[in-house]
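Residue-level structure breakdown
Here's the letter readout for the chains.
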Amino acid sequence: MEQLTDDYYINQRVISLGMGIPYDLEYHRLQDKVNYNMYFERYNHLKKCEEIKENSKYVFLTINPNAYITLTDFINKMNKLMSKIWITNYLYVFEQRGETLADLGKGFHFHLILEKPKGKPYSHLIRELSNSANTVCDTSNFHFFNLKSISEEECQRKIIYITGRKADAQKHLKQDMDIVWRKQNNLLSFYNVGII
């Protein structure tokens, strides 16, 4: 989109006046400038987001399975996802949302930090990861399948988020229950190759 010239506004005024329609030249010029600036800002924001996607070194994925998926099926599907030959450096964890022994295991889910393989476009990552997860969740819904590119700094924050104590004190009870739940299901605290 390019900014309009004075000739454009003069022509528009002549046409409007010829049709008997009033035309405020300065109003239209100002309105077009505002629209142009909004378009330009949005365009630059989307371009920056696209650059982050293509140039970032890591992605962060959260998968929340459908309610009818059993934990065993979910673990098997995630292990199969992690066995892809192009997945070499990663950190992942299984978590749950129960805060009491009675609720233990409710809302189980999966977090993954993945180093993007060199030469694999972001669109290929989305396709392959979503194809692997589409049997356990609706991959078109970001509440169930949330994949995003992250910077080096964000990667460090995510490592702390999934391996350490969460900043939100309300989640500490869930984290305590995670320990019990993982022991019951023979799960490690986290699985790591090359990230930490």
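Model, not experiment: these values are computed from the prediction. (Residues numbered from 1 in each chain as written. Predicted model: local features only at pLDDT ≥ 70, side-chain atom pairs only at ≥ 80, totals over all residues. Heavy atoms only, no water.)

**Here's the deal with helix H6 (residues 172–184)**
Convention followed: Per the convention used, a helix needs a DSSP run of H or I reaching at least four residues, while a strand needs a run of E reaching at least two, with both numbered from the N terminus. Multiplying one less than the number of residues by 1.5 Å gives the expected span of a helix. Relative accessible area decides the class of each residue, using a 1.4 Å probe on protein chains only: under 20% of the type maximum gives buried, over 50% gives exposed, and in between gives partly exposed. It only takes one pair of heavy atoms within 4.5 Å for two residues to be counted as in contact.
With 13 residues, H6 extends 19 Å from end C-alpha to end C-alpha; this agrees with the ideal 18 Å at 1.5 Å per step. For H6, the complete set of buried residues consists of Gln 175, Met 177, Asp 178, Trp 181 and Arg 182. Buried residues along H6 sit in contact with helix H3 (71–82) and strand S2 (90–95).

**What about the side chain of Gln 96?**
Heads up, the condition is: Whenever two N or O atoms come within 3.5 Å, that pair is a polar contact, provided that in protein one can donate a hydrogen and the other can accept it, and provided that, for residues adjacent in sequence, both atoms are side-chain atoms.
On the secondary structure map, Gln 96 appears in the loop between S2 and strand S3 (109–115). Exposure remark for Gln 96: the relative accessible area of 2% places this residue in the buried category. Engagement of the side chain of Gln 96 in a polar contact is seen with the backbone nitrogen of Gly 98, the distance being 2.7 Å. Those residues in contact with Gln 96 that lie beyond four places of it in its chain are Asp 103, Leu 104, Gly 105, Lys 106, Gly 107, Phe 108, His 109, Lys 174, Met 177, Asp 178 and Trp 181.

**Describing the nonpolar core**
For the record, the criterion: For this analysis, a nonpolar core means a set of buried residues of the types Ala, Val, Leu, Ile, Met, Phe, Trp, Tyr and Cys, connected via side-chain atoms within 4.5 Å.
Counting 32 residues, the largest nonpolar core has Ile 63, Phe 74, Phe 94, Phe 110, Leu 112 and Leu 129 as the members making the most contacts within it. For this core, the secondary structure elements donating two or more residues are strand S1 (58–63), H3, S2, S3, helix H4 (122–133), strand S4 (145–150) and H6. When residues of this core are assigned to their parent elements, the largest contribution, six residues, is made by H3. Beyond its immediate chain neighbours, meaning those up to four positions away, Leu 129 contacts Leu 61, Leu 81, Trp 86, Ile 87, Leu 114, Phe 145 and Leu 147. One finds Tyr 58, Leu 91, Val 93 and Ile 162 within the second-largest nonpolar core, a separate group that totals ten residues.

**A word on the pattern of salt bridges**
One side chain can pair with another of opposite charge once the charged atoms of both are near each other. Our working rule: A pair is scored as a salt bridge if a Lys or Arg side-chain nitrogen falls within 4 Å of a carboxyl oxygen belonging to Asp or Glu.
Evaluated as defined, the whole model comprises five salt bridges. Put simply, Asp 178 and Arg 182 hold a salt bridge, and the shortest N to O gap is 3.9 Å. Here Asp 178 pairs with Arg 182, and both are found in helix H6, just four residues apart, close to one helical turn. Assigned by exposure class, Asp 178 and Arg 182 land together as buried. Each of Glu 154, Arg 157 and Lys 158 takes part in one network of salt bridges that share partners.

**Concerning the sheet that holds S4**
Under the convention used in this document: We treat two strands as partners when DSSP finds at least two bridges between them. To define axes, lines are fitted to C-alpha atoms, for helices over the stretch in contact only, and angles between the resulting N-to-C directions are given on a 0 to 180 degree scale.
The sheet built from five strands is open, its strands ordered S4-S1-S3-S2-S5 with antiparallel pairing. Where the open sheet ends on each side, the last strands, each with one partner, are S4 and strand S5 (191–193). Put simply, the sheet's adjacent strands are angled 10° from each other on average, direction ignored. Where S2 and S5 come together, two bridges link them in antiparallel fashion. Along S5, the bridge assignment pairs Leu 91 with Asn 192. Sheet contacts for H4: S1, S3 and S4; angle to S4, the most-contacted strand, approximately 155°. Running over the sheet, helix H5 (residues 152–163) touches S1, S2, S3 and S4 and is turned about 145° from S3.

**Regarding the environment of Cys 137**
Residue position: Cys 137 is located in the loop between H4 and S4. Classification of Cys 137 by relative accessible area gives buried; the value is 3%. Cys 137 sits 63 residues away from Phe 74 along the chain, and the two C-alpha atoms are 9.8 Å apart. Among all residues touching Cys 137, those that are not within four sequence positions of it are Ile 63, Asn 64, Pro 65, Asn 66, Phe 144 and Phe 145.

**As for H4**
The end-to-end C-alpha separation of H4 is 16 Å, in line with the 16 Å expected for twelve residues at 1.5 Å each. The set of residues buried in H4 consists of Tyr 122, Leu 125, Glu 128, Leu 129, Ser 130, Ser 132 and Ala 133.

**Looking at the environment of Val 59**
Within the fold, Val 59 resides in strand S1. For Val 59, a relative accessible area of 1% puts it in the buried group. In this structure Val 59 touches Leu 112, Ile 113, Leu 114, Lys 116, Tyr 122, Leu 125, Leu 147, Lys 148, Ser 149 and Ile 150, once residues within four positions along its chain are discounted.

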